[in-house]
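Coordinates in review
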Amino acid sequence: MTPVIRPRRLRSTPALRRLVAETVVAPSDLVLPMFVADGIDAPRDISSMPGVVQHTFDSLRKAADEAVRAGVGGLMLFGVPAPEDKDADGTGADSDDGVLNRALRVLADDLGDSTVLMADTCLDEFTDHGHCGVVDDCGRVDNDATLERYVSMALAQARAGAHLLGPSGMMDGQVAAIRAGLDAEGFTDTGILAYAAKYASAFYGPFREAVGSSLQGDRRTYQQDASNRVEALREIRLDLEEGADLVMVKPAMSYLDIVRDAAEIADVPVAAYQISGEYAMITAAAERGWIDRDAAILESLTSIKRAGASVILTYFATEVAGRLA
Ligand code: PBG
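In this text the structure is predicted, and so the values were computed from the model without any measurement. (Residues numbered from 1 in each chain as written. Predicted model: local features only at pLDDT ≥ 70, side-chain atom pairs only at ≥ 80, totals over all residues. Heavy atoms only, no water.)

Glancing now at the pattern of salt bridges. Note that side chains of opposite charge can pair when their charged atoms are close. In the structure shown here, the tally under the stated rule is 14 salt bridges. Its salt-bridge partner being Arg-219, residue Asp-124 comes within 3.3 Å of it at the nearest N-O pair. Of the two residues, Asp-124 is situated in the loop between strand 5 (116-121) and helix 4 (143-160) and Arg-219 in the loop between helix 6 (205-210) and helix 7 (230-241); the sequence distance between them amounts to 95 residues. In this structure Arg-219 comes out as buried when scored by relative accessible area, which is 4%. Of the charged contacts, one joins Arg-140 and Asp-136 as a salt bridge, the two residues approaching to 3.6 Å between their closest N and O atoms. Several salt bridges converge on common partners, so that one network encompasses Arg-179, Asp-183 and Asp-245. (Salt bridge = Lys/Arg side-chain N within 4 Å of Asp/Glu carboxyl O. Helix = DSSP H or I, 4+ residues; strand = E, 2+ residues; numbered from the N terminus. Buried < 20%, exposed > 50% of the residue type's maximum accessible area, 1.4 Å probe, protein only.)

If you want it as structure tokens, here you go:
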């Protein structure tokens, strides 16, 4: 009789399962996105992201220190200006006095090279219309005019001490423009974490609350359509040609096929962003007792890593790093 082949044998004890695990999430894989706001005197809860807050400068420094001590791989900072500081061109983004650039300087000073300090290089938090770029007379986001703004923003962030810049606006040519701008000013060591394949996603909903977004309408003329895979390959290839140091896919869970594609074509590290809506879904279901919170979080991160991401942006970063340590 032919013996039954028994794959279950390797699953029979926790030690065996650990021995043969193909994918292990490490604290250093995880990057914590953080929001810092101007004009608040206490951290402000984000109702659709329980456990995540808009930080004051004080609470930001404390949470950043905690994250670094938990062993996270890096921090990704988003700025939330006071509503009256927003304008059509998003001038708060590249002003050295803008909330994000001030916060970067503070964290760079506190943390030095003990972590990787990253900044969102995008105008949407700073524009009064909420778009990721500047808008022309016909109401369209003007690609090339936006690139000039991104270069100026990138330089402000590099001056403020960011190690990696994360252009997330999906403008054509943004990586090349920022790279050239940085090099011309001598910031040759400042890297670019390119949001290479970023989809127009309903799962960004909670983020819009997190940054107090003013957006009316949508971002479908610049972010990608969920239907398209080949187009993502093209976007990734272009960002690699333009000099991206890492490429990112976003969101993560609904786009794991794209993460896999990216890992296959990229000769740089691949990142994936477990976004606000993914955080909200897990958190809400766990609050209701419908899923096991810790297990669901680790399973989601393991799946993103298994798909091919070696860096994962997640609002769970500190919590998970602490648990894994
Ligand atoms: C744009 C940006 C967005 C996110 C990160 N950078 C929002 C958007 O494109 O609307 C989303 C992050 C999240 O949902 O967690 N600056």
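Still more ground to cover, so stick around.
Let us now look at helix 10 (residues 293-307). In this model, helix 10 (15 residues) spans 21 Å end to end at C-alpha, consistent with the 21 Å of a helix rising 1.5 Å per residue. Looking at helix 10, one finds that the buried residues are Ala-296, Ile-297, Ser-300, Leu-301, Ser-303, Ile-304 and Ala-307. Seen from one end, helix 10 has its buried residues packed into an arc of 155°, which puts them on one side. Packing partners of the buried residues in helix 10 comprise strand 1 (30-37), helix 8 (256-265), strand 9 (270-274), helix 9 (276-287), strand 10 (311-314) and helix 11 (317-324). (Expected span 1.5 Å × (residues − 1). Arc of directions from axis to C-beta. Contact = heavy atoms within 4.5 Å.)

Our next topic: a positive patch on the surface. Taken together, the side chains of Arg-6, Arg-8, Arg-9 and Arg-11 present a region of like positive charge at the surface. Assignment of secondary structure puts Arg-8 in the segment before helix 1 (14-19). For Arg-8, a relative accessible area of 67% puts it in the exposed group. (Patch = residues over 30% accessible without salt bridge, like charges linked within 9 Å, V, L, I, M, F, W, Y side chains within 5 Å. Areas by Shrake-Rupley, 256 points an atom, 1.4 Å probe, with all protein chains shown as cover. Lys, Arg positive; Asp, Glu negative; His and termini not counted. Charge placed at Lys NZ, Arg CZ, Asp CG, Glu CD.)

Around the ligand there are 17 residues in total, and Asp-124, Arg-208, Lys-250, Ser-276 and Tyr-315 lie nearest to it. In the environment of the ligand, an oxygen atom lies 2.8 Å from a nitrogen or oxygen atom belonging to the side chain of Arg-219. A distance of 3.1 Å separates a nitrogen atom of the ligand from a polar side-chain atom of Lys-250. Starting from 410 Å² of accessible surface for the ligand in isolation, the protein chains cover 100%. Its residues assigned to classes, the shell around the ligand comprises seven nonpolar, three polar and seven charged. (Near = heavy atom within 4 Å. Polar contact = N/O pair within 3.5 Å; in protein donor to acceptor, adjacent residues only side chain to side chain. Nonpolar A, V, L, I, M, F, W, Y, C, P; charged D, E, K, R; others polar.)

Before going further, it helps to examine the packing of helix 9 against helix 10. When two helices pack together, you describe them by how their axes are tilted relative to each other and by the distance separating the axes. Between helix 9 and helix 10, the shortest axis-to-axis distance is 9 Å and the interhelical angle comes to 160°. The angle between the axes of helix 9 and helix 10 places the two elements in the roughly antiparallel class. Considering how the two elements wind past one another, helix 9 and helix 10 form a crossing that is right-handed. Counting all contacts with helix 9, which are made through Ile-282, Thr-283 and Ala-286, the residues of helix 10 involved are Arg-293, Ala-296, Ile-297 and Ser-300. Partitioned by chemical class, the residues of the contact of helix 9 with helix 10 number four nonpolar, two polar and one charged. (Axes fitted to C-alpha atoms, helices over the stretch in contact; angles between N-to-C directions. Parallel < 35°, antiparallel > 145°, perpendicular 65-115°, else oblique. Left-handed = near helix turned anticlockwise from the far one by under 90°.)

Another aspect to go through is the pairing of strand 9. In terms of residue burial, strand 9 counts as a mostly covered element, since five of its five residues are buried. Residues Val-270, Ala-272 and Gln-274 of strand 9 are buried on one face, and the alternating residues Ala-271 and Tyr-273, pointing to the opposite face, are buried as well. Two strands pair when backbone bridges link them, and strand 8 (residues 246-250) and strand 9 are joined in this way by three bridges, in the parallel orientation. The partner of Val-249 across the bridge, within strand 9, is Ala-272. Handedness of the β-α-β unit built from strand 8, helix 8 and strand 9 comes out right-handed. Note: strand 9 against strand 10, four bridges, orientation parallel. From the neighbouring strand, Gln-274 faces strand 10, where its bridge partner is Thr-314. (Pairing = 2+ DSSP bridges. Right-handed = clockwise from strand over helix to strand, strands pointing away.)

This paragraph deals with the environment of His-55. Inspection of the secondary structure assignment puts His-55 in strand 3 (residues 53-55). Measuring from C-alpha to C-alpha, the distance between His-55 and Ala-42 comes to 7.5 Å, with 13 residues separating the pair along the chain. Engagement of the side chain of His-55 in a polar contact is seen with the side chain of Ser-59, the distance being 2.7 Å.

On to the UniProt feature "binding site: 5-aminolevulinate 1" (unreviewed entry) in the protein chain, then. Here, the residues flagged by UniProt with the feature "binding site: 5-aminolevulinate 1" (unreviewed entry) are Arg-208 and Arg-219. Within the secondary structure, Arg-208 sits in helix 6. The partly exposed category is assigned to Arg-208, whose relative accessible area is 24%. Beyond its immediate stretch of four places on either side in the chain, Arg-208 contacts Ser-213, Leu-215 and Arg-219. Residues in contact with Arg-219, not counting those within four places in the same chain, are Asp-124, Gly-130, His-131, Cys-132, Arg-208 and Ser-213. Side-chain polar atoms of Arg-219 contact the side chain of Asp-124, separated by 3.3 Å. (UniProt positions renumbered as here; feature names shortened; annotations may be inferred.)

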